Amino acid sequence: MSMITATAWVPRGFAAPFPTKYTFDEEEFQRIAELAKLQLDDANEDLEEAQNGTSAKLSKDTGDDEDGSDEESATKNINSKGDEDDDLKEYDLEHYDDDVAMDEEKEGEGMGMGMFGNVKSLAYHQPGEEDPYITMQGNEEDDEDREELQILATDNMLLAAKVEDEVAHLEVYVYEDEADNLYVHHDLMLPAIPLCVEWLDLPVGKSNVEKDSRANFVAVGTFDPDIEVWDLDTIDCMYPNAILGQGGEGAEDGKKKKKKRKKSKKANEEYHVDAVLSLAANRQHRNLLASSSADKTVKLWDLNTTKCAKSYTHHTDKVCSLAWHPKESTVLLSGSYDRTVVAADMRAPDAKAPRWGVESDVETVRWDPHDPNYFYISTENGIIHYHDVRNVPSNPAGSKPVWILQAHDESVSAFDINPTIPGFMATGSTDKQVKLWNIQPTGPTMVVARNLDIGKIFSTTFAPDEEVGFRLAVAGSKGVLQVWDTSTNPAVRRAFSDRVAPIEGEIKEKLVRVQDDSSDESDDGAEPEGGNDKEGGWESMEED
């Protein structure tokens, strides 16, 4: 099995030109020991319980077999001693010292020099000199490694949460737009199947940098209730820089709450107790990260302290999607499986928040980046709702969207609005189709639909930079990540002609993926494609 569950772009200029190699020193050891103490305590407690249970069982079995066993055990001891003597005879240990003495006599006669007989002819080098035969030219190799890891100012990082052969990890790609190249730069091992990723521009869990400095980090939510925060500019990390949740608490707090966690998974004010389904970083208040969970709560984290600042219970079922308002920095949009969407001011947790209803489970919520008075909702029934936040219904059932779009026949499992090109929307579905839309004042119209041969679509995300505004990252159930340059599609060029640079001559559509994956016929157990879906000229799409 191989699949990509979530993706995220890193804007240009944030990645370090030369990422650093992970160093495991005494300070790092202390940091990991502190972060991992609670897990170690739990593991030791489980081991003790298992050992105690095994000891009790053995004691019981021994007590049942005590009668009439003395003679049998004595016989076994005698037999085992005899067998042991027979085994030792093979090595003739009684004459071992005699062999050593004979060897010493031979050495005294000049016959034992062996390989060191020509020791006087060996060359000797002073401590400051280099032996050309054994000295490794480490500087050249370091320079080569450094060049391979280099990230240019025109490169984009692309993050993909992947599960492959039951191993969960975060793959960090580098996308070179001018060269039409996509490759895996490095990866990070994760403790459980990842469900969401969110890029952060704040250093978290680093004591040697200022808290407000610019950085390149990522927060990852998984089936575990803890949120891990990693430094993307460090290669081969062994442990996250910070853990948001019970796994990141100190030893004293951990001992108090360990028993409670094992007894029940009841939601609380301090950490999640179930899978983390969505993450949203506040771009104006950079130290704030919102998270939603299957435990029906939304939590607000202070990244400077890595503690939960506040917990919210606006929903009665799993909360699956979050989005911060682009202008009103304290307003958070949340969507839930209870079929409602809430726009709540995080400063007033007890106030009644506006609520809208939809016909089925919510999949994704998004604010319109070009007009923040409106927001989008995608649902399990394949429908897109477009709402005016100023039009608040008296009850969720009375919600009246500006327009409704039946985008797919199955669930809209992936959805994004282009941040640099107004009216450009992308949707992906479990029906394996990716569709591009042009949203006009009269409503949305479909520009193009494609089956990209990557299975069920789990993620569609537009690049954040204007230079690559038409690039769309798409991933799904086959575990393949592809970057589609939508500006090379004739229909897209016609629909957004005012935003596309004119190009002379024939234009071939570009779809870039990792070269090794392009020849892979997906033996990961994903559902096979019914065909190549050649309608619309997809068979003519080539990678330059």
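Scroll up a little and you will see the structure.
Keep in mind that this is a model prediction, so the values were computed, not measured. Sequence order as written defines the numbering, with residues in each chain counted from 1. Note on the predicted model: pLDDT of at least 70 is required for a residue's local features to be given, and 80 or more for side-chain atom pairs to be given and counted; whole-chain, interface and lining totals, by contrast, use all residues. Calculation of side-chain values draws on the structure's entire complement of heavy atoms; hydrogens and water are dropped beforehand.

Asker: So what's going on with the pairing of strand β24 (residues 424-428)? Residues and values would help.
Answerer: Residue burial is assigned from relative accessible area. The probe radius is 1.4 Å, only protein chains are included, and a residue is buried under 20% of its type maximum, exposed over 50%, and partly exposed in between. Here a helix means four or more residues in a row that DSSP labels H or I, a strand means two or more in a row labelled E, and each is numbered from the N terminus. The buried fraction of β24 is high, at five of five residues. Taking every second residue as pointing to the same face, both faces of β24 are buried, with F424, A426 and G428 on one and M425 and T427 on the other. For two strands to be treated as a pair, DSSP must find no fewer than two bridges joining them. Sheet topology note: the strand β23 (residues 414-417)/β24 ladder contains four bridges and is antiparallel. When the bridges of β24 are listed, D416 appears paired with A426. Count of turn residues in the β23/β24 antiparallel hairpin: six residues, of which G423 carries a positive phi of about 80 degrees. Looking at chain direction, β24 and strand β25 (residues 434-440) are connected through five bridges and run antiparallel. Its bridge partner lying in β25, M425 is registered against W437.

Asker: Account for the sheet that holds strand β7 (residues 217-222), with residues named and values stated.
Answerer: If you walk across this open sheet you meet the four strands as β6-β7-β8-β10, and the pairing is antiparallel. Across the chains shown, the open sheet's two edge strands, defined by having one partner strand only, are β6 (194-200) and β10 (242-244). Along the sheet, successive strands turn relative to each other by an average axial angle of 25 degrees, direction set aside. Sheet topology places β7 next to strand β8 (residues 227-231); five bridges connect them, and they run antiparallel. When the sheet's bridge partners are listed, F217 is paired in β8 with D231. For helices, the fitted axis covers only the stretch in contact; all axes are lines through C-alpha atoms, and the angles between them, taken along N-to-C directions, range from 0 to 180 degrees.

Asker: Tell me about the pattern of salt bridges, and name the residues and values.
Answerer: Proximity of charged atoms lets side chains of opposite charge pair with each other. Each salt bridge in this description consists of a side-chain nitrogen of Lys or Arg and a carboxyl oxygen of Asp or Glu lying within 4 Å of one another. In total, this model carries 14 salt bridges according to the counting rule given. Two residues, R450 and E509, come together in a salt bridge whose shortest N-O distance is 3.8 Å. On the criterion of sequence distance, the pair formed by R450 in strand β26 (residues 443-450) and E509 in the loop between α6 (490-495) and β30 (510-513) is long-range, its members being 59 residues apart. Here R450 and E509 have matching classes, each one buried. Between R471 and D485 there is a salt bridge whose closest N-O contact spans 3.2 Å. Remark: D485 occurs in strand β29 (residues 481-485) and R471 occurs in strand β28 (residues 471-476); sequence separation between them is 14 residues. Across the pair, D485 and R471 agree in class, each one buried.

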